[in-house]
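Residue-level structure breakdown
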Amino acid sequence: MNGIHDVGGMHGLGPIKIDPKEPVFKSDWERQVFSTIGLYFAGGLCPIDEFRHAVEIMDPAEYLSTSYYVHWYHAMETLAINNGLLTKAEIDAKVEQLAQGA
Amino acid sequence: MQDADEKTVPPSPPTLRIKAIQSLLIEKGILDPAAVDEIIDVFEHRLGPKNGAAVIARAWSDPDFKTRLLDDATTTIHEMGFTGMEGAHLHVAENTPVVHNLVVCTLCSCYPWPVLGLPPSWFKAPQYRSRAVIDPLSVLTEFGVDIADDVEIRVWDSNAEIRYIVLPQRPAGTENMSESELASLVTRDSMIGTALLAPVSEASTGESA
């Protein structure tokens, strides 16, 4: 698949943003996304190729304008639904519950 | 079903959705909360470039090890106990006075987790990934690395199976250093190829010898 992820050789994406003091995770939601995907792999819940595909089917403009773990978040939700772990309705209901509790 | 009293301003959807998904997976017993904490701790605190630095320092200290490392990095690195996710197949590319190696993953973020930990954001961002393969010299310049005109630059584009690690040149002035002293000199970026290791001055060699 030659989608937006296939950036090798592309021009015009600008300078590299280097932060030598960057922590491993910048916030808790990054930890939650990383640990969920990591355990998808470790638990055999989804093959890594499915994970890549789930990132590659992101909206191209969003792919280029969002940070790395936002890509993983999309895969986290897509894989949970496609592999029958959760339904979208369940997730929506839980979001609503958390929003009201907040 | 739409609630008539639905809030008109939704609160921060991605962050809440992430929390919602992980909470549901835990409630259903699909994810073990102890495993969640463990995997975060491993990657945040225990795995990191120090593993790779130990490999490099041994290669500098032990010619037989270096030969085996360049011949079969997977077996040689696994024998040091550095195994696990994203480290099944490894290859080490040696820097020499006439060759400089640079590692990228143009398609995503492939990286040897057991050897280097998780990659920095710039390694995963489109700016580095796009340019490393078409204009590596300007990439190296942005990292402050100056490569002489007569040095060949080899770019290794990682893939789903094989992960690459650069064996940097041993810095001048380290002849009397122990393996652990050498390991302390090896930086993450030097093993990706976006940094060179500076020579060690006489004074610091004397102190550590």
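Conventions we followed
Residues numbered from 1 in each chain as written. Chains lettered and ligands numbered in written order. Predicted model: local features only at pLDDT ≥ 70, side-chain atom pairs only at ≥ 80, totals over all residues. Heavy atoms only, no water. Contact = heavy atoms within 4.5 Å. Buried area = accessible area lost by both parts, 1.4 Å probe. Salt bridge = Lys/Arg side-chain N within 4 Å of Asp/Glu carboxyl O. Polar contact = N/O pair within 3.5 Å; in protein donor to acceptor, adjacent residues only side chain to side chain. Helix = DSSP H or I, 4+ residues; strand = E, 2+ residues; numbered from the N terminus. Core = buried A, V, L, I, M, F, W, Y, C linked by side-chain atoms within 4.5 Å. Buried < 20%, exposed > 50% of the residue type's maximum accessible area, 1.4 Å probe, protein only. Expected span 1.5 Å × (residues − 1). pLDDT = per-residue confidence, 0-100. Phe/Tyr/Trp six-rings, centres within 6.5 Å; stacked < 30°, edge-to-face > 60°. Axes fitted to C-alpha atoms, helices over the stretch in contact; angles between N-to-C directions. Parallel < 35°, antiparallel > 145°, perpendicular 65-115°, else oblique. Nonpolar A, V, L, I, M, F, W, Y, C, P; charged D, E, K, R; others polar. Pairing = 2+ DSSP bridges.

What follows deals with the interface of chain B and chain A. Counting residues at the interface gives 51 residues for chain B, matched by 51 residues for chain A. When chain B packs against chain A, close to 4700 Å² is buried across both sides, 68% of that on carbon and sulfur atoms. The interface formed by chain B and chain A includes five salt bridges. Of the charged contacts in the structure, one is a salt bridge between Arg 31 of chain A and Glu 44 of chain B, with a shortest N-O distance of 2.7 Å. Counting the contacts that link chain B with chain A gives 17 residue pairs in polar contact (both at pLDDT 80 or more). Of all the secondary-structure elements, those providing two or more residues to the side of chain B that touches chain A are α1 (13-27), α2 (33-46), α7 (121-124), α8 (126-132) and α9 (136-142) of chain B. A total of 13 residues in the side of chain B that touches chain A trace back to one element, the largest contributor, which is α1 of chain B.

The subject of this paragraph is the nonpolar core. The biggest cluster of nonpolar side chains holds 88 residues, and the ones touching the most others in it are Phe 34, Tyr 40 and Trp 72 of chain A together with Ile 77 and Tyr 128 of chain B. Per element, the largest residue contribution to this core is eight residues, and it comes from helix α4 (residues 68-82) of chain A. With residues up to four places along the chain from it excluded, the contact list for Trp 72 of chain A reads Val 33, Phe 34, Ile 37 and Phe 51 of chain A together with Trp 113 of chain B.

Looking at where Asn 176 of chain B falls in the secondary structure, it is placed in the loop between β4 (162-167) and α10 (179-183). Between the C-alpha atom of Asn 176 of chain B and that of Asn 95 of chain B, which follows or precedes it by 81 residues, the distance is 21 Å.

Here the focus is helix α3 (residues 49-61) of chain B. Under the 1.5 Å per step criterion, the end-to-end length of α3 of chain B is 18 Å for 13 residues, consistent within 8% with the ideal 18 Å. Considering only its buried residues, α3 of chain B is in contact with α4 (63-71), α5 (73-79), α6 (113-116), β4, α10 and α11 (188-192) of chain B.

The next subject is the confidence of the model for chain B. Atomic detail in the predicted coordinates should be set aside for any region of low pLDDT. All names here are of chain B. Of all residues in chain B, 90% have pLDDT values of 70 or greater, and the mean over the chain is 91. Ignoring residues within four places in sequence, the model shows residues 205-209, a span with pLDDT below 50, making six contacts including any to other chains. Both confidence scores are given for the complex: pTM 0.90, ipTM 0.93.

What follows is about the packing of aromatic side chains. For the coordinates displayed, the defined rule picks out 19 aromatic pairs over all chains. For the pair Tyr 68 of chain A and Trp 72 of chain A, a centre-to-centre distance of 5.6 Å together with 55° between the ring planes defines the contact as tilted. With Tyr 68 of chain A and Trp 72 of chain A both in helix α4 and four residues apart, the pair spans about one turn of that helix. The exposure classification of Tyr 68 of chain A matches that of Trp 72 of chain A, with both residues buried. What links up through ring pairs into an aromatic cluster is the set Phe 25, Phe 34, Phe 41, Phe 51, Tyr 68, Tyr 69 and Trp 72 of chain A together with Phe 43 and Trp 113 of chain B.

A few words now on α4 of chain A. All names here are of chain A. Between its first and last C-alpha, α4 extends 21 Å over 15 residues, near the 21 Å set by a 1.5 Å rise per residue. Counting buried residues in α4 gives eleven out of 15 residues, a clear majority hidden from the surface. Those residues of α4 lying buried are Tyr 68, Tyr 69, Val 70, His 71, Trp 72, Tyr 73, Ala 75, Met 76, Glu 77, Leu 79 and Ala 80. Just downstream of α4, Gly 84 is the residue with a positive phi angle, here 75°.

This next bit is on the packing of α3 of chain B against α4 of chain B. Residues and elements named next belong to chain B. Packing of α3 against α4 brings their axes to within 5 Å, and their N-to-C directions diverge by 125°. One way to sum up the angle between α3 and α4 is to call them oblique. Between α3, through Val 55, Arg 58, Ala 59 and Ser 61, and α4, the contact on the second element is made entirely by Pro 63, Phe 65, Lys 66 and Leu 69. Considered class by class, the residues forming the contact of α3 with α4 number five nonpolar, one polar and two charged.

Before going further, it helps to spend a moment on the pairing of β4 of chain B. Residue and element names in this part refer to chain B. Most of β4 sits out of view: five of its six residues are buried. Pairing analysis gives six bridges linking strand β1 (residues 89-94) to β4, with the strands arranged parallel. Within β4, the position partnered with Glu 94 by the bridge is Leu 167.

A few words on the pattern of salt bridges. Two side chains with opposite charge may pair up if their charged atoms get near one another. As enumerated under the stated definition, the model contains 19 salt bridges over all chains in all. Of the charged contacts in the structure, one is a salt bridge between Arg 68 of chain B and Asp 64 of chain B, with a shortest N-O distance of 3.7 Å. One end of the pair is Arg 68 of chain B and the other is Asp 64 of chain B, both in helix α4 and four residues apart, which spans about a single turn. Its relative accessible area of 35% is what places Arg 68 of chain B among the partly exposed residues. Note on Asp 64 of chain B: relative accessible area 48%, which makes it partly exposed. In this structure, a network of salt bridges that share partners links the residues Glu 77, Lys 88 and Asp 92 of chain A together with Arg 17 of chain B.

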